[in-house]
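So you can see what is in the structure, the chains are spelled out below.
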Amino acid sequence: MDWFISQTISGLTLGGVYALIALGYSLVYGVLKLINFAHGDVYMVGAIAAFGTACAFGWGQTADEYVRSGVMLAMLAVAVVSCLGLGYVIERFAYRPLRRAPRLNSLITAIGVSFLLESIFQLPGVFGASPRGFPQCELPLGPIRLAGATVRLEQLLILGGTLFFLLVCRYIILHTRTGLGIRATSFHHDYARLMGVNVDRITSLTFLLGSGLAAVAGVFVGLYQHQVDPLMGVNAGLKAFTAAVVGGIGNLAGAVLGGILMGLSETYIAGSAFSAFRDAFAFALLILILLVRPGGLLGSVAPEKV
Amino acid sequence: MPVQLRNLVVLLAALGVPLLAQYLADRFALSPYAQAVLFKIGMNVTLAVGLSLIIGFAGQFSIGHAGFMSLGSFFSAAFTSFVLLHWTAGMDPALLSGDGFGAAFVRGGLLLGSMFVGTLAAAVGSIIVGVPSLRLRGDYLAIATLGFGEIVYNLLLIYLQKNSGDTALYIDYRLEFMSRPVNIASAWILALLAILVVRNLVSSTTGRALPAIREDEIAASAVGVNTTRYKLLAFVLGSVLAGAAGALESHQTLTANPASYRFDRSIELIVPVVLGGSGSLTGCVLASAAFTYLLELLRDLPSGAQQYRTILYAGVLVLVMILRPQGLMGRWELGDLAAFLRRRGKPAGGRAAPPTPIRTTTPPDASAPGFLSGKGTAPPRLTCEALTIRFGGLTAVNKFSLCLDAGEIVGLIGPNGAGKTTCFNMITGVYRPSAGDIRLADRSLVGCNCAAINGRGIARTFQNIRLFGDLTVLDNVRIALHAHLTTGVPAAIFRTPRFYHEERLARQQAMHLLTLFDLAGLASEVASSLPYGAQRRLEIARALATAPRILCLDEPAAGMNPAEKRDLMSLIRRIRDQFGLTILLIEHDMRVVMGVCERILVLDYGETIAEGRPEDIRDNPRVVEAYLGKPLGAQPAAKALA
């Protein structure tokens, strides 16, 4: 039972992070019908930006609670701002020129951008090829006992933060003019344009929203796993993308559900005797879902208009 | 020279190239490194050709292709190790390692056997991924192959670690090909075979189904192409080539390392295909050879510059995609150059004559020999019984009933959104009705896919023209002859005499139909470059090429000028008489409908509101109301009722 509770909490934490990244995939897929392979690397940049900020402010050396909380907010801010910038640049200069080109071109360009980011950050002058430890910091409260299981405070912080940012995202999508524009653009570019939606602007904003969420995920993972490296986006991106597809790509609630599902299944399996099959299981789940419910758990396959 | 003999000569000459390359490499004692690069070029060309079949010709994205290489490499290496360990244990060692012909034969045979096992593994893997994901349109194959590549890596790694504690499988004996270690000749012969197979396939009437699927999957299935089957064919064939290349690679490096076949390798495989021009075999062969060489050049950079290699590579990739989206060669092939040179040799004037409007005088004889004749019987009766379809809460068509007798021309009219095209979509299998039945000669069509329904003798055109836009006018029609061919993929690949016979016949038939529609002069033009009216005519010609008994025309007069409309009316009657068809027609132009239809059904909001002869329909008050609204006087009465 203790094992189960602690695994569930870890699974939810990991799942929340996947959900934050998966939302970016789903948002962009909805608007551009593009698998944005560079999204995992935007998340990596978020983590590295947070790492840089933490190092610059000497986080982990100071004992002052207020300074530490302040630095944590600064980390979040720097990560979000740098990812917003990156997301905008990628969309504006790599994807926008290809809006009318065959789909494969955008896909290849996305992969090219992804490789570009990874190799730039692997340069010794930029970050270096090997992983670096995130500065650690004793949190005011030690491990918490919850129904017999031990829970780390970071986990609760991340869970709360994830929930907060998911709600913010939900609010933006459902209750703002921009959100309405995003939904209209996802439905049909030309119809949206005819109704006065500035599709280019909305596409940029969608990238900004997705990149911001990825940045938050990056900061959380840095705090949680105490390690960042330039290739950390590859695996996380692949998993989050899988989560988005499992939930129903283009469907935002589906992305969150898929993310949580991925996180939970991954931690349960990792804690079991079959831990070696952790990654294989995730992708087997993906193929299984495609087989039984091609549109994903919450999505549907719309019949093509003939 | 007979064509069979010519093919044999070409094949032998082509096979001479790898052998000559190997001979020259040995003669001039090329360094092992240079030999390895040449080997790699052969392998990468094989891979690019296979992937070009999937991505370029069939238009499906396989982005985990290295996974199939991994399967080929691992299973062939495992097979070789197994045979060496168990089967050769009691054998005379001289039989395996000796100098004689017998020993060389055993080594070569074992290599071929291992490669077979490797390709078989790749084929099985591709069927497992392909069958569920290729039934669907869109990015599903991309996603599934991506996941599959990772699964293969994970499972092989787990297996290796459990059994040997290592992360790779090692072969401890160098097998030989033609008494030499796995070498340039073997890789280049594989590449050559790959090129020949793919070229023969895509330049046949059967194989043209692949670009048709790439251009428009729905239209392809509407002309009788079993799209799932062809997508699977391309996917499995491409994966088999990847498996063979993987098998060869493991026997050259004596290692099968799953870690070298992950996502980054898959991307490395796609890049030359896209750069060279997806859909151009010449392009992808040249690009993959050049690309392999360039990557080796970059390896020679001073070590300080090494780290910029991937940056350079990724940057070039992004730039080429943005600046030249169709790839360096587009769809251009070496064969086009030969055709161009031939054309230049001849005096000018072979150009297409300008399109002329359809002449109703002296129609060519439709009963030409071949695929299109032979179905001389009267068209079977088509009945729709209480056909209903709902999209969510919206009932688009409600209890639509129709009975089409042999040789009728029936009109289906109604205001926009009445559900006319939806009826067509149900009859032709694009949508599955929620309730009701469609029967053709007393057999139900519900649940059949578009291709099967086309095979039963129902052909259609589309409201928004759906031609195979990037293909020529001739090819558009030839693809539709597809279902009549008796020779299939093997005959296309091996170029049997029967293949040539049918290919000629297909061309004749297609040209015959084009002549009938005044399109013969435009045969070699790209379909999307045709004027609107000609595109509509081409769509009818394409539908007729499937030799239907019932033809469904969806707004054939849309966008035509009055003269074209007049010609169209006589054309519709003429094809009914000449081909002995039943015709169901959706049309908004009342002059066309009233002039050509013998019976008319009127739909409004999914309900059939009237049925009868044109003159009755014209005066029917409900029809007038549906089109023009209630007369003013009727409004208060309705209000009073409410």
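**Student:** Before we move on, could you go through the overall build of chain A and cite the residues and values that matter?
**Tutor:** Looking only at helices and strands, chain A has 11 helices and 4 strands in total. Compactness check: chain A gives a C-alpha radius of gyration of 19 Å against a globular reference of 19 Å for 306 residues, within 12% of the reference. Considered along the principal axes of its C-alpha atoms, chain A spans approximately 60 × 45 × 35 Å. Burial statistics for chain A: of 306 residues in total, 54% are counted as buried. If you take every contact in chain A between residues at least 6 apart in sequence, the share linking residues at least 24 apart comes to 78%. Approximately 13000 Å² of chain A is accessible, and the part contributed by carbon and sulfur atoms is 66%. Seen as two clouds, the 19 positive and the 14 negative side-chain charges of chain A have centres 12 Å apart.

**Student:** Before we move on, can you summarise the packing of helix α5 (residues 153–175) of chain A against helix α8 (residues 199–225) of chain A with the specific residues and values?
**Tutor:** Residues and elements named next belong to chain A. Viewed as axis vectors pointing N to C, α5 and α8 meet at an angle of 175°, and their least axial separation amounts to 10 Å. Classified by the angle their axes make, α5 and α8 are roughly antiparallel. Contacts between α5 and α8 pair Glu 154, Gln 155, Ile 158, Gly 161, Thr 162, Phe 165, Cys 169, Ile 172 and Ile 173 from the former with Leu 209, Leu 213, Val 216, Phe 220, Leu 223 and Tyr 224 from the latter.

**Student:** With reference to specific residues and values, describe the interface of chain A and chain B.
**Tutor:** Opposite the 44 residues of chain A that make contact, chain B presents 45 residues. Of the roughly 3900 Å² buried between chain A and chain B on both sides combined, carbon and sulfur atoms contribute 79%. Across the contact surface, chain A and chain B share 0 residue pairs in polar contact (both at pLDDT 80 or more). Sorting the residues of the side of chain A that touches chain B by element identifies α3 (65–95), α4 (103–122), α9 (232–247) and α11 (278–292) of chain A as the ones contributing at least two each. By residue class, the composition of the side of chain A that touches chain B is 34 nonpolar, 5 polar and 5 charged.

**Student:** Could you give me a rundown of the nonpolar core, with the residues and numbers involved?
**Tutor:** Phe 517 and Leu 551 of chain B are the most contacted members of the largest nonpolar core, which totals 238 residues. Considering each element in turn, this core owes the most residues, 14 residues, to α8 of chain A. Three or more residues apiece are contributed to this core by two domains, here domain 1 (14–336) and domain 2 (382–641) of chain B. Excluding its chain neighbours within four sequence positions, the residues that come into contact with Leu 551 of chain B are Ala 459, Ile 540, Ala 543, Leu 544, Ile 575, Leu 581, Thr 582, Ile 583 and Leu 584 of chain B.

**Student:** Outline the side chain of His 39 of chain A, supporting the account with residue identities and numerical values.
**Tutor:** Residue placement: His 39 of chain A occurs in helix α2 (residues 39–56). Given a relative accessible area of 2%, His 39 of chain A falls into the buried group.

**Student:** Break down the packing of α5 of chain A against helix α6 (residues 177–187) of chain A for me, with residues and values.
**Tutor:** Residue and element names in this part refer to chain A. α6 packs onto α5 with a crossing angle of 75° between their chain directions and a minimal axis gap of 5 Å. Viewed along their axes, α5 and α6 adopt a mutual orientation that is roughly perpendicular. In contact with Ile 172, Ile 173, Leu 174 and His 175 of α5, α6 contributes Arg 177, Gly 179, Leu 180, Ile 182 and Arg 183. A breakdown of the residues in the contact of α5 with α6 according to their chemical character gives 5 nonpolar, 2 polar and 2 charged.

**Student:** Now, about the pattern of salt bridges: what can you tell me, with residues and values included?
**Tutor:** Using the criterion set out here, one finds 30 salt bridges over all chains in the structure. Its salt-bridge partner being Asp 475 of chain B, residue Arg 478 of chain B comes within 3.0 Å of it at the nearest N-O pair. Of the two residues, Arg 478 of chain B and Asp 475 of chain B are both situated in helix α18 (residues 473–480); the distance of 3 residues between them amounts to about one turn of the helix. Salt bridges sharing common partners tie together Glu 91, Arg 96, Arg 99 and Asp 200 of chain A.

**Student:** Mind laying out the sheet that holds strand β9 (residues 443–444) of chain B, listing which residues take part and the relevant values?
**Tutor:** Spatially, the 4 strands line up as an open sheet ordered β6-β5-β8-β9 (chain B), and their pairing is antiparallel. In this open sheet, the two strands that pair with only one neighbour each are β6 (394–404) and β9 of chain B.

**Student:** Pulling in residues and values, what's your account of the packing of aromatic side chains?
**Tutor:** Residue and element names in this part refer to chain B. Scanning the entire structure with this criterion turns up 16 aromatic pairs over all chains. Measuring from ring centre to ring centre gives 5.2 Å for Phe 68 and Phe 148, while their planes differ by 25°; the resulting arrangement is stacked. Within this pair, whereas Phe 68 is found in helix α3 (residues 66–87), its partner Phe 148 is found in helix α6 (residues 140–163), the two being separated by 80 residues in sequence. Here Phe 68 and Phe 148 have matching classes, each one buried.

Quick notes on the rules
- Residues numbered from 1 in each chain as written.
- Chains lettered and ligands numbered in written order.
- Predicted model: local features only at pLDDT ≥ 70, side-chain atom pairs only at ≥ 80, totals over all residues.
- Heavy atoms only, no water.
- Helix = DSSP H or I, 4+ residues; strand = E, 2+ residues; numbered from the N terminus.
- Rg over C-alpha atoms; globule rule 2.2 N^0.38 Å.
- Buried < 20%, exposed > 50% of the residue type's maximum accessible area, 1.4 Å probe, protein only.
- Contact = heavy atoms within 4.5 Å.
- Areas by Shrake-Rupley, 256 points an atom, 1.4 Å probe, with all protein chains shown as cover.
- Lys, Arg positive; Asp, Glu negative; His and termini not counted.
- Charge placed at Lys NZ, Arg CZ, Asp CG, Glu CD.
- Axes fitted to C-alpha atoms, helices over the stretch in contact; angles between N-to-C directions.
- Parallel < 35°, antiparallel > 145°, perpendicular 65-115°, else oblique.
- Buried area = accessible area lost by both parts, 1.4 Å probe.
- Polar contact = N/O pair within 3.5 Å; in protein donor to acceptor, adjacent residues only side chain to side chain.
- Nonpolar A, V, L, I, M, F, W, Y, C, P; charged D, E, K, R; others polar.
- Core = buried A, V, L, I, M, F, W, Y, C linked by side-chain atoms within 4.5 Å.
- Domains from an automatic or database assignment.
- Salt bridge = Lys/Arg side-chain N within 4 Å of Asp/Glu carboxyl O.
- Pairing = 2+ DSSP bridges.
- Phe/Tyr/Trp six-rings, centres within 6.5 Å; stacked < 30°, edge-to-face > 60°.

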